[in-house]
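# Architecture at a glance
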Amino acid sequence: MDVYRGIPVYPGVVIGPALPLDTDGFLIPKRSVDPGLVENEIQRLKDALSKAAISVRKNQAEVSSKVGSQFAAILGAHAQMIEDPFLSNEIVTKISSNYFTAEYAVSQVLRQHIKEMEALPKGAMVSRTADLFDIEKQILGQLIDQKQQELGNLTSPVVILAHDLSPNETAKLNKQFVHAFATEAGGRTSHTSILAGAMEIPAVVGLGKFLQEITGGDIVIVDGDAGLLIVNPDEEILENYRKRQSQTISHDSSLEQLKSLPAVTKDGVQVRLMGNIEFPHEAVHCLEKGAEGIGLYRTEFLFMGKETIPSEEEQYQAYKKVLEDMGRDRPVVIRTLDLGGDKLATGTQSNERNPFLGLRSIRLCLRNIGLFKTQIRAILRASVHGNVHLLFPMISTVLELRQAKMILSEIKEDLQEENIPFQRDIPIGTMIEVPSAAILADCMAKEVSFFSIGTNDLVQYTLAADRSNEDVASLYNPGDPAVIKLIDLVAKAAGNANLAVSVCGEMSGDPIYTMLLLGLGIRQFSVAPHSIPEIKKIIRMITLPEAENVAREAMRLETARDVNNYLRGQIRKLIPDPMV
Ligand code: PEP
Ligand code: MG
């Protein structure tokens, strides 16, 4: 039995057979299969070799017709190597004698040849190593593709284990059969983790290296409460976890009863609890959990997992559905595209040296005006179906915000000229998620009618700690005093300007921060739908003076550890059961 500790991102306990996935471009870990599956692995290899050869020959023909056969010759040589029976036999031997996965056997054989070539005296062969890397990539690409397709054809429950999953890959997981996932890489607020929450799949990320120890079909436990992955558990552990599974179910049903009760403190302060969504169908789920509106609709997910960029009409239909599901009165905050960073549209690749600091989000939109205008047109057209609020993400300067608003005005004029109806006085808001925007919150307040504090990015940019990198997870902390001071600044600026302010990062769905945020003046929380009942429960147990006192005390502390320990202590006083 092996136990790995990582970062829990969606709670719950799942026991099931492992389905390990390899990642394109990532070193393949040493892994074996059950002896009974050797023939299956050999067949997978043969299919992959033949598909890789076909694909390279297709490229060869294309290059040949476009730029000449002399330039395509190298691809012909690659295809020949892939078709070479000696290479195939070598890999088959590795699989049958060591029970290696096809992926690992391919990588082993080709890396061995690369090493041998590199050891030769400097000469022509050295440059050939690049060809072997390319051939490895082609064959592995086919094998990884096979696994991805297998994912689409699952017929029984599995637990996905991977080095990392992109938000795109996560969005495509079939929840009916993928009951949990665990990854070696990743951080608490990476978009993959946020999606695990949206899809309500128990998950643990940032576990460090474990894949080389896994055989497909091994029984594993994903403990999304404690952040554990247990491989091949013994009978006693299995029994304990089976008991835990039934306790979680009864805990969930106690929170159900809160659904129809208002989010109001013991002394009568009203709080607005809204839902965060990534996909239109989640709006209904928000209502089921008691959301008073959608506080953040991450529209970029419409662009992910798709072969082509969604048209204006397609976007309009998606926004209209959310608005209609939420009804005329409930606000729906539609955020314009926040692509980039760890969220890439299908088929695009980031060439950014620092994707989170580069052409992400509003910056990307302001460089791709056509893309931006299409989305704003779709949102404005949909606005007649409900109560739309428009939110601009990742604003870092006042000028940027003015530019975005100017484009909005242009689209309004266009629609007016075309006699297309839209809601004229849509409230405009800005995300406060870059420290510069928080520091200039008083200036930003003059430009908009609401703020939404995106703590996921605010923490990342304040502490210079990548939100999706497990190696800096200890620095990345919403309880850091620097983050709390910025939230305080923004809440005060909003208060002075009489502006609504909500918090929509994952911090707002974490019960340990509820009292702090309330005490800092936050009256709107936008959280993943599954967190709504827990947060409501806390709100209903406290008074505003208590929350203000907690915030005052927390503001005196100098480290994230002290703040978190203090807040945990406060919540334990309120609810002795640590499961909240
Ligand atoms: C945030 O940064 O807190 C936020 C809500 O936006 P996202 O997680 O999509 O970056
Ligand atoms: Mg953000």
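Use the structure listed above.
Here is a short report on the structure shown in this document. (Residues numbered from 1 in each chain as written. Chains lettered and ligands numbered in written order. Predicted model: local features only at pLDDT ≥ 70, side-chain atom pairs only at ≥ 80, totals over all residues. Heavy atoms only, no water.)

Taken together, 17 residues sit near ligand 1, with Arg298, Arg335, Gly454, Asn456 and Arg467 positioned nearest. Asp457 is positioned such that a nitrogen or oxygen atom in its side chain is 2.9 Å from an oxygen atom of ligand 1. Between ligand 1 and the protein, one listed contact pairs an oxygen atom with a side-chain N or O atom of Arg467 at 2.7 Å. Its free accessible area being 290 Å², ligand 1 has 100% of it covered by the protein chains. Secondary-structure elements contributing two or more residues to the shell around ligand 1 are helix H7 (191–199), strand E10 (294–298) and helix H16 (455–463). Ranked by residues supplied to the shell around ligand 1, first place goes to H16 with 3 residues. In the shell around ligand 1, the residues fall into 4 nonpolar, 5 polar and 8 charged. (Near = heavy atom within 4 Å. Polar contact = N/O pair within 3.5 Å; in protein donor to acceptor, adjacent residues only side chain to side chain. Areas by Shrake-Rupley, 256 points an atom, 1.4 Å probe, with all protein chains shown as cover. Helix = DSSP H or I, 4+ residues; strand = E, 2+ residues; numbered from the N terminus. Nonpolar A, V, L, I, M, F, W, Y, C, P; charged D, E, K, R; others polar.)

Applying the stated criterion across every chain, the model contains 2 cavities of 30 Å³ or more. Its volume calculated, the largest cavity comes out at about 70 Å³. At the level of secondary structure, the elements contributing two or more residues to the lining of the largest cavity comprise E10 and H16. Grouping the constituent residues of the lining of the largest cavity by class yields 3 nonpolar, 4 polar and 8 charged. (1 Å grid on protein atoms, 1.4 Å probe; cavity = no way out; pocket = protein on both sides within 12 Å on 5 of 7 lines; lining within 4 Å. Points joined across faces, edges and corners; volume = space filled by probe spheres on them.)

Turning our attention to the packing of H16 against helix H17 (residues 481–496). Between H16 and H17, the shortest axis-to-axis distance is 10 Å and the interhelical angle comes to 125°. The pairing of H16 with H17 is recorded here as oblique in orientation. Crossing of H16 over H17 shows right-handed handedness. Residues Thr455, Leu458, Val459, Thr462 and Leu463 of H16 pack against Ala482, Val483, Leu486 and Ile487 of H17. Here the contact of H16 with H17 is built from residues that sort into 7 nonpolar, 2 polar and no charged. (Axes fitted to C-alpha atoms, helices over the stretch in contact; angles between N-to-C directions. Parallel < 35°, antiparallel > 145°, perpendicular 65-115°, else oblique. Left-handed = near helix turned anticlockwise from the far one by under 90°. Contact = heavy atoms within 4.5 Å.)

Here we take up helix H21 (residues 560–574). Taking 1.5 Å of rise per residue, the 15 residues of H21 would be expected to cover 21 Å, and the 21 Å separating its terminal C-alpha atoms lies within 8% of that figure. Of all the residues in H21, the buried ones are Ala560, Val563, Asn564, Leu567, Gln570 and Ile571. Viewed end-on, H21 has its buried residues packed into an arc of 125°, placing them on one side of the element. For H21, the exposed residues lying more than 90 degrees away from the buried face are Arg561 and Lys573. On its buried face, H21 sits against H17, helix H18 (514–519), helix H19 (532–539) and helix H20 (544–556). (Expected span 1.5 Å × (residues − 1). Buried < 20%, exposed > 50% of the residue type's maximum accessible area, 1.4 Å probe, protein only. Arc of directions from axis to C-beta.)

Residue position: Glu447 is located in the loop between helix H15 (441–445) and strand E14 (450–453). Among the polar contacts made by the side chain of Glu447, one reaches the side chain of Arg402 at a distance of 2.9 Å. Glu447 has contacts with Val398, Leu401, Arg402 and Lys405, leaving out every residue within four places of it along the chain.

It is worth spelling out the coordination of the magnesium ion (ligand 2) at this point. Bound to the magnesium ion (ligand 2) on the protein side are Glu433 (OE) and Asp457 (OD), at distances that span 2.0 to 2.1 Å. One end of the pair, Glu433, is in the loop between strand E13 (428–432) and helix H14 (435–439); the other, Asp457, is in helix H16, and 24 residues separate them in sequence. Take Glu433 and Asp457: they sit in the same class, and that class is buried. (Donors = N, O, S within 2.8 Å, 3.2 Å for Na, K, Ca; no water.)

Looking now at the pairing of E13. The buried fraction of E13 is high, at 5 of 5 residues. Covered by surrounding structure in E13 are Ile428, Thr430 and Ile432 together with Gly429 and Met431, the residues of both alternating faces. Both strand E12 (residues 387–392) and E13 contribute to a ladder of 3 bridges, which runs parallel. Within E13, the position partnered with Leu390 by the bridge is Ile428. Handedness of the crossover joining E12 and E13 through helix H13 (residues 398–417) is recorded here as right-handed. Examined bridge by bridge, E13 and E14 share 4 bridges and lie parallel to one another. The partner of Met431 across the bridge, within E14, is Ser452. (Pairing = 2+ DSSP bridges. Right-handed = clockwise from strand over helix to strand, strands pointing away.)

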